[in-house]
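Tertiary structure, described
Listed below are the residues making up each chain.
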Amino acid sequence: MTENLTALEVCCCGNCAAEGHEKEVIRPLTAEEITQREADAEAYATRKAEEDAAAEAKAVFKASAKAKLIAGQPLTAEEADVLVL
Amino acid sequence: MANTYTLISATTLASSASTVTIGSIPSTYTDLHLVCSLRSDYSAAVNNAYAYFNANDNGRAIFVYGDGSSFGNININYNESYIGPINAATSTSNTFTSYSLYIPNYLSSNYKTSSQDSVTENNATNARAVLAARVWEYTAAVTSITFRLQFSTYAVGSTFYLYGIKNS
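The shown structure was predicted, so the numbers you read here are calculated from the model rather than taken from an experiment.

Procedures and definitions
- Residues numbered from 1 in each chain as written.
- Chains lettered and ligands numbered in written order.
- Predicted model: local features only at pLDDT ≥ 70, side-chain atom pairs only at ≥ 80, totals over all residues.
- Helix = DSSP H or I, 4+ residues; strand = E, 2+ residues; numbered from the N terminus.
- Rg over C-alpha atoms; globule rule 2.2 N^0.38 Å.
- Buried ≥ 20, exposed ≤ 12 C-beta atoms within 10 Å, placed from the backbone.
- Contact = placed C-beta atoms within 7 Å.
- Core = buried A, V, L, I, M, F, W, Y, C linked by C-beta atoms within 7 Å.
- Nonpolar A, V, L, I, M, F, W, Y, C, P; charged D, E, K, R; others polar.
- Pairing = 2+ DSSP bridges.
- pLDDT = per-residue confidence, 0-100.
- Axes fitted to C-alpha atoms, helices over the stretch in contact; angles between N-to-C directions.

**Some details on the overall build of chain B**
Per the secondary structure count, chain B includes zero helices and twelve strands. Going residue by residue from the N terminus, the α and β elements of chain B occur as β-β-β-β-β-β-β-β-β-β-β-β. Expected size for 168 residues packed as a compact globule is a radius of gyration near 15 Å; at 15 Å, chain B falls within 12% of this value. When burial is assessed residue by residue, chain B has 41% of its 168 residues classed as buried. If you take every contact in chain B between residues at least 6 apart in sequence, the share linking residues at least 24 apart comes to 80%.

**Some points on the nonpolar core**
Here is a general trend for soluble globular proteins: nonpolar side chains tend to be buried in one another's company. Of all hydrophobic cores here, the largest spans 35 residues; its most connected members are B:Leu32, B:Ala49, B:Tyr50 and B:Ala51. Sorting the residues of this core by element identifies strand S1 (6–11) of chain A together with strand S2 (19–23), strand S3 (31–38), strand S4 (46–53), strand S7 (82–87), strand S8 (97–103), strand S11 (145–149) and strand S12 (159–166) of chain B as the ones contributing at least two each. Ranked by the residues each element gives to this core, the list is headed by S4(B), at six residues.

**Examining the interface of chain B and chain A**
Size of an interface: often given as the accessible area lost when the parts come together. At the interface, 22 residues of chain B touch 20 residues of chain A. Within the residue set of the side of chain B that touches chain A, elements represented by two or more residues are strand S1 (4–12), S2 and S4 of chain B. A per-element tally of the side of chain B that touches chain A places S2(B) first, with five residues. Classifying every residue of the side of chain B that touches chain A by side-chain character gives ten nonpolar, ten polar and two charged. Pairing of S1(A) with S2(B), which is carried by five bridges, proceeds in the parallel orientation. Bridged to A:Glu9 within S2(B) is B:Thr21.

**Considering the confidence of the model for chain A**
Keep in mind that low pLDDT regions are not for reading the predicted coordinates in detail. Mean pLDDT for chain A: 88, with 95% of residues reaching 70 or above. The lowest-confidence element of chain A is helix H3 (residues 77–84) of chain A, averaging 84 in pLDDT; the highest-confidence one is S1(A), averaging 96.

**Quick word on the sheet that holds strand S6 (residues 71–76) of chain B**
All names here are of chain B. Read from one edge of the open sheet, eight strands run S1-S12-S3-S8-S9-S10-S5-S6, paired in antiparallel fashion. Of all the strands in the sheet, the pair left with one neighbour each is S1 and S6. On average, each strand axis in the sheet is tilted by 15 degrees relative to the strand beside it, whichever way the strands run. Here seven bridges tie S3 to S12, and the two strands are oriented antiparallel to one another. Pairing of Leu34 across the sheet is with Leu162, part of S12.

**Regarding the confidence of the model for chain B**
Residues and elements named next belong to chain B. Mean pLDDT over chain B works out to 90, with 95% of the residues at or above the 70 mark. The least confident element of chain B, judged by mean pLDDT, is S6 at 80; the most confident is S3 at 97. The ipTM value of the predicted complex is 0.86, and its pTM value is 0.85.

**Digging into the environment of B:Ile22**
Tracing the chain through its elements places B:Ile22 in strand S2. Put simply, B:Ile22 and B:Ala124 are 102 residues apart on the chain and 32 Å apart in space, counted from C-alpha to C-alpha.

**Points about the sheet that holds S4(B)**
The mixed open sheet is built from six strands, whose spatial order is S2(A)-S1(A)-S2(B)-S11(B)-S4(B)-S7(B). Across the chains shown, the open sheet's two edge strands, defined by having one partner strand only, are strand S2 (24–28) of chain A together with S7 of chain B. Averaged over all pairs of adjacent strands, the angle between strand axes in this sheet comes to 20 degrees, irrespective of strand direction.

**Considerations on the environment of B:Thr153**
Residue and element names in this part refer to chain B. Relative to the helices and strands, Thr153 resides in the loop between S11 and S12. Measuring from C-alpha to C-alpha, the distance between Thr153 and Ile76 comes to 23 Å, with 77 residues separating the pair along the chain. The contacts of Thr153, once residues within four sequence positions are left out, are Ser16, Ala17, Ser18, Ser40 and Asp41.

Given below as structure tokens:
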């Protein structure tokens, strides 16, 4: 299904009628705006992957830190960070 | 207490729109306050929304969020003007995300900082609340604010209220 991508532009000049233009205009998205949406999706995917990787790494350090604390073993700096930061 | 708090523009979507731009913002106020009720037609529980000024991205932000079961923070350094998730088509019917953006000193010749709070409204689990500090790295006065989405369109009934505050 093809999406009907439209832009709504609202004018706040307060004098639209006198200046001879509509207060609200609906138009199709430009090619540039469509490209921007694609860039947004790509940037979001990149950031989400980084967040997921960081969360996974934190969980691993946390688990190993807990195991070492129980066993009375020294922690690495990364393991200590997840406990005190 | 603000001396003035004036409604500049009130928009309720009568048909879906991929982007909404509030333009020709008058330069007669000190601060701007945008209050929105947002929902998307995207076929998921949430959709990612974006807002930027004067048709230029180049924003950065720090987010703190919580959703009832987890919390965290996000640093936005991608110039993508991300403002967080909003309700989408499979979230509870007739629920909209509450979104508020305050832009002090929008006419200044400095970078424009702003503060945001928003919350997805969902009569189920995993509603997300977001607080954000934003900076838009341009020195021009803010004359327009544009909302866009990662996918699909803003739903009918979404509202955009822009207020001007003078001598705040």
